[in-house]
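# Summary of the model geometry
Listed below are the residues making up each chain.
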There are 2 protein chains.
Amino acid sequence: MNAARLTGQVRVVGTGLLGTSIGLGLRALGLDVALANRSPAALRLAIDYGAGRAAAPGDDPSIIVVAVAPDSTAAIVAQELEAYPSALVTDVASVKGAILQELTDLGADVSRYLGSHPMAGRERGGAMSARADLFLGRPWVLTPHAGTTNEQFFALENLAVDLGGVPVRMTPEEHDRGVALISHAPQVVASLLAARLLGAAETVPSLAGQGLRDTTRIAASDPELWIQILGANAAPVAEVLRAFRDDLDGVIAALDDPEAPGAPTRLATALARGNEGVARIPGKHGRDERYATLVVQVADAPGELARLLTEIGEEGVNMEDLRLEHSPGAQVGFAEIAVLPEKSHQLAEALTARGWSLAEDRR
Amino acid sequence: MNAARLTGQVRVVGTGLLGTSIGLGLRALGLDVALANRSPAALRLAIDYGAGRAAAPGDDPSIIVVAVAPDSTAAIVAQELEAYPSALVTDVASVKGAILQELTDLGADVSRYLGSHPMAGRERGGAMSARADLFLGRPWVLTPHAGTTNEQFFALENLAVDLGGVPVRMTPEEHDRGVALISHAPQVVASLLAARLLGAAETVPSLAGQGLRDTTRIAASDPELWIQILGANAAPVAEVLRAFRDDLDGVIAALDDPEAPGAPTRLATALARGNEGVARIPGKHGRDERYATLVVQVADAPGELARLLTEIGEEGVNMEDLRLEHSPGAQVGFAEIAVLPEKSHQLAEALTARGWSLAEDRR
């Protein structure tokens, strides 16, 4: 096990998904993690999970991570700054400018506050869903302000790196505009699109394919959390939505008179720009780009998949990920096997020699 | 193998993804399938795939399926109606009203035309992606008009059922409004949302999580196909987009003055309606609702997953689907195993007894 870059005690306030995951990750590195939560039951759960010990009088944390709801974050950060006058305090909320502003308004000592936002989460919240590897390979945005020292920045960067995150430096304003674009505006769009289904006849939603499911999946998010986020980042989100609305008006005008000169071009441009935009998202197909994928045809018979995996093991190749594509009732399925690119050719040859049929990549 | 409900010869015109998949499915039932394609190379490929034989002079199909691009569909249907004066002709295009109208304008014998739309597809088109089970469990919309007889309707219903589809009866207008809502408007929304990324700084798209990936995935669709679809279904799509735009204006107004009385309520309502809307989509989490899921913790060691699958086989339980959730570098992964609900409890107990750790359902 690697040693931690961080030294000293870490205090985590709030033991939901993020706080508990941070505790688990730091404990795995052998660090002393003191946990606090206003709910004793939630605190006990996180301790049981192995995320740390209960905070105690006399604790002297070097870093404090506030991982509570966005609308409580500034108040708790201010309390922590006051209670621990030598600690660096950070938070993990998904808005940054509003929290810094609120701290300034509260007269808090913001010279020891450095905001951050790990871009990691799960659909399901709570300590029960926490994982030590939640942050692995995910961006962790650090938002220094004019009063942040290099030493403070490096300390928080060490925390992010210790947890497997990839530090990204942005100003609070850059962060807020960025998440408005990649997270907050998409939430609004998905919610409004899903809401359109409410007027539909009973049979219509049952016609939905994977496209609608994907496009509206995040519409199932918790409204209470999102009112806080949207309220705290209102101006940047409104700006993105206004530009989106202007584009939408252009498409509606083209659809209102699809035979008019320029109308097909306007539709084509909107669709082509969508192609270009989605191409800017790294790993956009949800596949880990570090690996090569082999697609192996597997008969729908008991033990066939186990046999395949056993034989891959016999070839000495480590399988990094596996996905099974199988239509119920079909005679064959397809196992999509992710391996290191340099092993891909060797494994393909070995499996073919052993009688397996390899298919073209099916995505 | 079940006998086909259909009898007689089936002619398939167009051997892309849908036409080839239809041929494969019908051939598997032992039916005589005659294939036609204006490209001899594409035709040969579909024949090689086993989707049928080349059409020949003297063919006497009882049903003809036209599976070509939407903007060529009406012209080809009209040709087929004329060339085969006793056949029932259908198509599989994703708009229905415009095609019926165009056929009427062309003076075609629409009494033998019955439109349909199988709600199935893959991200990748072409004969290479065809599958006999493409339509399995998917809705297949049939759109009878005033001149359609029961006999014609039942014949086409038999085709859909033979291919594993679930027939759904709608008027052409109901169909077009329905797909505007569940497919065409979402395509526009996803494209416009993805296009917003074009203005962003380099680092911003790299912060994207699964939410943005899902919301914009279909923005990667083929513009050429979608210009045809949107042009042919312009009015219903514009109607959905206009209602969406009105909702969006309400959210933008609330964000422009988030402290105003009623603004938080307006945001809350938009988000809550999104919750309700997405709940109307059956199987909305992309998981097959017919199965129960067990989540088993699997150590990241060679052969562990193979051992798990072997032991599941030894318990005599058939695994219906498998997904591996595994963060690179993590010490454990999670195998999500779909089984028949009535087997779930028994398997959970058996695996626990064999020393496996079961986790709560992680989605």
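First, a word on scope: everything that follows refers to the structure included in this document. (Residues numbered from 1 in each chain as written. Chains lettered and ligands numbered in written order. Predicted model: local features only at pLDDT ≥ 70, side-chain atom pairs only at ≥ 80, totals over all residues.)

### A word on the sheet that holds strand E8 (residues 166-169) of chain B
Residues and elements named next belong to chain B.
- Spatially, three strands are ordered E6-E7-E8 in an open sheet, and the strand pairing comes out mixed. The strands lining the two open edges of the sheet, one partner per strand, are strand E6 (115-118) and E8. Neighbour to neighbour, the strand axes of the sheet diverge by 25° on average, direction disregarded. (Pairing = 2+ DSSP bridges. Helix = DSSP H or I, 4+ residues; strand = E, 2+ residues; numbered from the N terminus. Axes fitted to C-alpha atoms, helices over the stretch in contact; angles between N-to-C directions.)

### Observations concerning the relation of the copies chain A and chain B
- For the pair chain A and chain B, the best superposition has an RMSD of 0.1 Å and corresponds to a rotation of 180° with a translation of 0.1 Å parallel to the axis. Both copies of the chain, as the preceding transformation shows, are related through a two-fold rotation axis.
- Here 99% of the contact residues of chain A are again contact residues in chain B; the copies associate through an equivalent surface. (Least-squares fit on C-alpha atoms with pLDDT ≥ 70 in both. Contact = placed C-beta atoms within 7 Å.)

### Here we look at the pairing of strand E2 (residues 33-36) of chain B
Residues and elements named next belong to chain B.
- The pairing of strand E1 (residues 10-13) with E2 spans four bridges and is parallel. Paired with Val12 across the strands is Leu35, a residue of E2.
- As a crossover connection, the stretch from E1 through helix H1 (residues 17-28) into E2 is right-handed.
- Pairing geometry for E2 and strand E3 (residues 53-54), over two bridges, is parallel. Across the sheet, the residue bridging to Ala34 is Arg53, located in E3.
- Taken together, E2, helix H2 (residues 40-49) and E3 constitute a β-α-β crossover, and its handedness is right-handed. (Right-handed = clockwise from strand over helix to strand, strands pointing away.)

### A few points about the environment of Ile337 of chain B
Residues and elements named next belong to chain B.
- With respect to the secondary-structure elements, Ile337 resides in strand E11 (residues 332-339).
- Under the C-beta neighbour-count criterion, Ile337 is labelled buried, with 27 such atoms within 10 Å.
- Sequence separation between Ile337 and Leu324 is 13 residues, and the spatial gap between their C-alpha atoms is 8.7 Å.
- If we ignore the near neighbours within four places in the chain, the residues touching Ile337 are Thr293, Leu294, Val296, Ile312, Met319 and Leu322. (Buried ≥ 20, exposed ≤ 12 C-beta atoms within 10 Å, placed from the backbone.)

### Some points on helix H6 (residues 172-195) of chain A
- Taking 1.5 Å of rise per residue, the 24 residues of H6 of chain A would be expected to cover 34 Å, and the 32 Å separating its terminal C-alpha atoms lies within 8% of that figure.
- Where H6 of chain A bends most, the angle comes to about 50°, and this point is Ala180 of chain A. (Expected span 1.5 Å × (residues − 1). Bend = angle between axes of the 7 residues up to and from the residue.)

### Quick notes on the nonpolar core
- Among the nonpolar cores identified, the biggest contains 194 residues, and Val77 and Val237 of chain A together with Val77 and Val237 of chain B are the most heavily contacted of them.
- Residues in contact with Val77 of chain A, not counting those within four places in the same chain, are Val66, Val89, Asp91, Leu103, Ala108 and Tyr113 of chain A.
- Residues Leu309, Ala335 and Ile337 of chain A together with Val296 of chain B belong to the second largest nonpolar core, which totals 36 residues. (Core = buried A, V, L, I, M, F, W, Y, C linked by C-beta atoms within 7 Å.)

### Side note on the interface of chain A and chain B
- Contacts between chain A and chain B engage 103 residues on the former and 102 residues on the latter.
- Considering each element in turn, the side of chain A that touches chain B owes the most residues, 15 residues, to helix H10 (residues 234-256) of chain A.
- For the side of chain A that touches chain B, the per-class residue count stands at 60 nonpolar, 24 polar and 19 charged. (Nonpolar A, V, L, I, M, F, W, Y, C, P; charged D, E, K, R; others polar.)

### Some points on the sheet that holds E1 of chain B
Residues and elements named next belong to chain B.
- As summarised here, the arrangement of the five strands in space is E3-E2-E1-E4-E5, forming an open sheet in which the pairing is parallel. Lying at the two open borders of the sheet, with one neighbouring strand each, are E3 and strand E5 (88-91).
- In terms of strand pairing, E1 meets strand E4 (residues 63-66) through four bridges, oriented parallel. The residue bridging Val13 from the neighbouring strand is Val66, located in E4.

### Observations concerning the packing of H6 of chain A against helix H6 (residues 172-195) of chain B
- Contact geometry for H6 of chain A and H6 of chain B: axes closest at 11 Å, N-to-C directions at 175°. The pairing of H6 of chain A with H6 of chain B is recorded here as roughly antiparallel in orientation. In this structure, H6 of chain A contributes Pro186, Val189 and Leu193 of chain A to the contact, and H6 of chain B contributes Pro186, Val189 and Leu193 of chain B.
- When grouped by side-chain class, the residues that make up the contact of H6 of chain A with H6 of chain B number six nonpolar, no polar and no charged. (Parallel < 35°, antiparallel > 145°, perpendicular 65-115°, else oblique.)

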